[in-house]
Amino acid sequence: MFKISRFFLDGFGTRSAFYQDFEINFLDDEQRAKDAVIYGISGTGKTTFLSAFFTLFSPLKKHFISQKRDKTVKITDYYSKEPTVVLAEIPIDDNNLGFD
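These notes cover the structure that comes with them. None of these values were measured; they are calculated from a predicted model.

## Some words on the side chain of Thr48
By secondary structure assignment, the location of Thr48 is in helix H1 (residues 46–57). You can call Thr48 buried: its relative accessible area is 7%. Excluding residues within four positions of it along the chain, Thr48 makes contact with Phe12, Gly13, Thr14, Ala17, Tyr19 and Tyr78.

Below, the structure is given as structure tokens:
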């Protein structure tokens with residue numbers, strides 16, 4: 001299974017949940033990717049974060065998570081006028097090409 005070690009967002013979101021120069025490190029003390037849980041109260045940006053995250057793996061507009069919840073939302077509503085950056089670092093070693 002692929003495990004993400006770092007995730008970075010810049011210039012993505014809505015007025016209430018806008019990510020600018022935001023990075024999450026998913027590494028443990030031995031620099032191995034670990035499991036994580038995203039939680040928070042309503043309106044803190046969990047769905048916005050997950051929308052950006054899954055856009056990396058399925059960039060089609062029809063798969064945009066926030067649009068599934070609210071049909072009036074468009075993926076372009078989440079991009080700022082400045083360049084938007086959505087990055088995930090996925091380490092792959094020679095012995096395990098990301099598959100368990």
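Moving on from the model shown.
## Here we look at the pattern of salt bridges
This structure, assessed with the given rule, holds 6 salt bridges. As a salt-bridge pair, Arg6 and Glu23 come within 3.5 Å of each other at their nearest N and O atoms. Note that Arg6 is positioned in strand E1 (residues 6–10) and Glu23 in strand E4 (residues 22–25), a separation of 17 residues in sequence. What makes Arg6 partly exposed here is its relative accessible area of 34%. For Glu23, a relative accessible area of 45% gives the class partly exposed. A salt bridge links Asp28 to Arg32, with the shortest nitrogen-to-oxygen separation between them at 3.2 Å.

## Notes on the nonpolar core
One finds Phe7, Leu9, Phe12, Phe49, Ala52 and Phe64 to be the most contacted residues of the largest nonpolar core, which totals 15 residues. Listing elements by their share of this core, those giving two or more residues are E1 and H1. Those residues in contact with Ala52, other than ones at most four positions away along the chain, are Phe7, Leu9, Phe12 and Val86.

## Some details on a nonpolar patch on the surface
Among the surface-exposed residues, Ile38, Leu50, Phe54, Leu56 and Phe57 lie close enough to one another that they form a single nonpolar patch of about 410 Å² accessible area. Here Phe57 lies in helix H1.

## Looking at unusual backbone geometry
A positive phi angle, close to 50°, is found at Asp21, a residue other than glycine. With respect to the helices and strands, the residue Asp21 is situated in the loop between strand E3 (18–19) and E4. Overall, Asp21 belongs to the exposed group, its relative accessible area being 60%. Positive phi, close to 65°, is recorded for Gln31, a residue that is not glycine.

## Thoughts on the packing of aromatic side chains
A complete count under the given rule lists 10 aromatic pairs for this structure. A centroid spacing of 5.3 Å and a plane angle of 80° characterise the contact between Phe12 and Tyr79, whose relative ring orientation is edge-to-face. Here the residue Phe12 occupies a position in strand E2 (residues 12–13), and Tyr79 occupies one in the loop between helix H2 (65–69) and strand E5 (85–89), the gap between them amounting to 67 residues. Assessed through its relative accessible area of 0%, Phe12 is described here as buried. The exposure class of Tyr79 is partly exposed, given its relative accessible area of 34%. Aromatic side chains Phe53 and Phe54 sit 4.9 Å apart centroid to centroid with 85° between the ring planes, which places their arrangement in the edge-to-face category. Judged by relative accessible area, which is 39%, Phe54 ranks as partly exposed. Aromatic ring contacts, followed pair by pair, group Phe7, Tyr19, Phe22, Phe49, Phe53, Phe54 and Phe57 into a single cluster.

Cut-offs applied
- Within each chain, residues carry numbers counting from 1 in the order of the written sequence.
- Predicted model: local features are reported for residues with pLDDT of at least 70 only, side-chain atom pairs are reported and counted for 80 or more only, and whole-chain, interface and lining totals are derived from all residues.
- Each side-chain value is worked out from all heavy atoms of the structure, with water and hydrogens disregarded.
- For the purposes of this entry, the term helix denotes a DSSP run of H or I that reaches at least four residues, the term strand denotes a run of E that reaches at least two, and both are numbered from the N terminus.
- The buried label goes to any residue with under 20% of its type's maximum accessible area, the exposed label to any with over 50%, and the partly exposed label to all in between, with areas taken from a 1.4 Å probe on protein chains only.
- Any two residues having at least one pair of non-hydrogen atoms within 4.5 Å are treated as being in contact.
- In the sections that follow, a salt bridge refers to a side-chain nitrogen of Lys or Arg positioned within 4 Å of a carboxyl oxygen of Asp or Glu.
- In this description, a nonpolar core means a group of buried Ala, Val, Leu, Ile, Met, Phe, Trp, Tyr and Cys residues linked to one another through side-chain atoms lying within 4.5 Å.
- Without a salt bridge and with relative accessible area above 30%, a residue can belong to a patch; like charges are then joined within 9 Å and nonpolar side chains (Val, Leu, Ile, Met, Phe, Trp, Tyr) within 5 Å.
- Each accessible area value is a Shrake-Rupley result obtained with a 1.4 Å probe; residue values ignore everything except the protein chains displayed when judging cover.
- Side-chain rings of Phe, Tyr and Trp (the six-membered ring for Trp) are treated as a pair once their centres are within 6.5 Å; stacked means planes under 30 degrees apart, edge-to-face means over 60, and tilted covers the remaining angles.

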